[in-house]
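# Chain and residue survey
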Amino acid sequence: MSNGKNGRGIEPEPGKKVDIRDYDPGDTPGMSKDEAIEEIARLRIRLNELQDLLYADERFAVLFVLQAIDTAGKDSTINSVFQEVGPIGCQVVSFKVPTPEELAHDYLWRYRKATPEKGHIKIFNRSHYESVLVERVKDIVPKSVWEKRYDDINEWEDYLVRNGTVVMKFFLLISKDEQRERLQERVDNPRKQWKFRMGDLEDRKLWDKYVEAYNDAITRCNTKEAPWHVIPANKKWYRDVLVARALIEKLESLDLRYPPADPSIIGLKVE
């Protein structure tokens, strides 16, 4: 599908150049907020059913990668989409500034050790893509270093897929105007002021550099085995529906099933 739109967001065709500026972050084709609220309630329940199946089946793991420019709503997406999913087989990992121990290893080490075991969904709130995004944009590492990382990432994700891990990657797309409004809300709302930091304004000045970095990351690491989904995210209710739909469709395609019962319990009467 070439830069295609569907009920699961925008799925750029592997091998094709991506420019996220070509997509409308405010897009909500044919859907109202009331319809989205009604649908997401059903999707949450279905996702919980499928996660239960995944946990019992134990043939697959799911790595759910979530990336976005600041304020696009990574936390709120996780809270909404996975609202009905129990914590036993579904965990979130949020990657912050690397610790001294993490810096003492190769850059993928902290991500490798956080990958999900069979039967589990692991949500990466930010991910290994920070190594070709923030580290590139802020000149933390030189181009000679980050340029080679796209191949590293593709090889690692391919390895995960070949070993039973489903890799799904989501980029939440918002407009620069929407980001300004959300930052202003953090400044004005006493209940959200704790989220605001002055560094957010410095990052905002780097908007164009982040766009170019995301264009390259999505273009160069968008494979058939581990595809990117670009999610219009100005409208939170539409964003949540698209993410949930994509995840559910993928899980349903795995033909998950409960393991057969122990023959000795058939007809057993519990006293």
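One structure accompanies this document, and this report is about it. (Residues numbered from 1 in each chain as written. Predicted model: local features only at pLDDT ≥ 70, side-chain atom pairs only at ≥ 80, totals over all residues. Heavy atoms only, no water.)

## As for the nonpolar core
Just so we agree on the cut-off: Think of a nonpolar core as a cluster: buried Ala, Val, Leu, Ile, Met, Phe, Trp, Tyr and Cys residues, connected wherever their side-chain atoms sit within 4.5 Å. The cut-offs for exposure are 20% and 50% of the maximum accessible area for each residue type, with area from a 1.4 Å probe on protein chains only; residues under the lower value are buried, those over the upper are exposed, and the others partly exposed. In this description a helix means any DSSP run of H or I spanning at least four residues, a strand means any run of E spanning at least two, and both kinds are numbered starting from the N terminus. Contact definition: two residues touch when any of their heavy atoms are within 4.5 Å.
By size, the foremost hydrophobic cluster in this structure holds 78 residues, and its most contacted members are Phe82, Tyr129 and Leu251. Looking at which element gives the most residues to this core, the answer is helix 11 (residues 236–253), with 10 residues. Filtering out sequence-adjacent residues up to four positions away, Tyr129 remains in contact with Val65, Gln67, Ile153, Glu157, Lys169, Ala217, Cys221 and Trp228.

## Brief notes about the packing of aromatic side chains
In this description, an aromatic ring pair is defined by two values, namely the gap between the centres and the angle between the planes. Stated precisely, the cut-off is as follows: Note on ring pairs: Phe, Tyr and Trp rings are taken, using the six-membered ring of Trp, and paired if centres are within 6.5 Å. Classes follow the plane angle, with under 30 degrees stacked, over 60 edge-to-face and the rest tilted.
Overall, the coordinates contain 8 aromatic pairs when judged by the stated rule. Here the aromatic residues Phe64, Phe82 and Phe170 are joined through ring pairs into a cluster of three or more.

## Quick word on the environment of Ala56
With respect to the helices and strands, the residue Ala56 is situated in helix 1 (residues 33–57). For Ala56, a relative accessible area of 25% puts it in the partly exposed group. Not counting residues within four places of it along the chain, the set of residues in contact with Ala56 comprises Tyr258 and Pro259.

## Notes on the layout of surface pockets
For the record, the criterion: We place a 1 Å grid over just the protein atoms. Points where a 1.4 Å probe fits but has no way out form a cavity, open points with protein on both sides within 12 Å along at least 5 of 7 lines form a pocket, and any residue with an atom within 4 Å of a point lines it. Grid points are joined across faces, edges and corners, and a volume is the space filled by probe spheres set on the points. Any residue outside Ala, Val, Leu, Ile, Met, Phe, Trp, Tyr, Cys, Pro, Asp, Glu, Lys and Arg is labelled polar, Gly included; the first ten of those are nonpolar and the last four are charged.
Approximately 1,500 Å³ is the volume found for the largest pocket. Every residue lining the largest pocket is counted, 50 residues in all, and those nearest its centre are Asp70, Lys74, Lys96, Arg126 and Arg197. Residue assignment for the lining of the largest pocket shows that the elements contributing at least two residues are helix 2 (74–81), helix 3 (100–103), helix 4 (109–112), helix 5 (134–137), helix 8 (176–188), helix 9 (199–204) and helix 10 (207–220). Among the residues making up the lining of the largest pocket, the classes are represented as 19 nonpolar, 9 polar and 22 charged. Reported here for the second largest pocket is a volume of approximately 420 Å³. As for the second largest pocket, its lining consists of 23 residues, of which Lys224, Glu225, Pro227, His229 and Lys250 are closest to the centre. Contributing elements (two or more residues each) for the lining of the second largest pocket: strand 6 (165–173) and helix 11. Split by residue class, the lining of the second largest pocket holds 11 nonpolar, 5 polar and 7 charged.

## Concerning helix 7 (residues 149–162)
One turn of the α-helix equals 3.6 residues, which is why residues spaced by three or four share an orientation. Keep this limit in mind: Helix span is expected to be 1.5 Å times the residue number reduced by one. In this description, one arc is meant: the one made by directions from the helix axis to the C-beta atoms.
Compared with the 20 Å implied by 1.5 Å per residue over 14 residues, the 20 Å span of helix 7 between its first and last C-alpha is a close match. Every buried residue belonging to helix 7 is among Arg149, Tyr150, Ile153, Asn154, Trp156, Glu157 and Leu160, and all of these are buried. For helix 7, the angular spread of buried residues about the axis comes to 165°, placing them on one side. In helix 7, those exposed residues whose orientation departs by more than 90 degrees from the buried face are Glu155 and Arg162. Contact partners of the buried residues in helix 7: strand 3 (61–68), helix 4, helix 5, helix 6 (143–146), strand 6 and helix 10. Of the residues flanking the end of helix 7, it is Gly164, one or two places downstream, whose phi is positive at about 95°.

## Regarding the side chain of Lys122
Defined as follows: When charges are counted, neither His nor the chain ends are considered; positive counts come from Lys and Arg and negative counts from Asp and Glu. Here a salt bridge means any side-chain nitrogen of Lys or Arg lying within 4 Å of a carboxyl oxygen belonging to Asp or Glu. As used in this structure description, the phrase polar contact means that two N or O atoms lie within 3.5 Å; if the pair is within protein, one of them must be able to donate a hydrogen and the other to accept it, and residues adjacent in sequence are counted only when both atoms belong to side chains.
Relative to the assigned elements, Lys122 resides in strand 5 (residues 121–125). One buried charged side chain, Lys122, makes no salt bridge at all; its nearest oppositely charged neighbour is Glu117, positioned 6.9 Å away. There is a polar contact of 2.7 Å between the side chain of Lys122 and the backbone oxygen of Ala114. Each residue touching Lys122, except ones within four places of it in the same chain, is listed here: Val62, Leu63, Phe64, Gln91, Val93, Ala114, Thr115 and Pro116.

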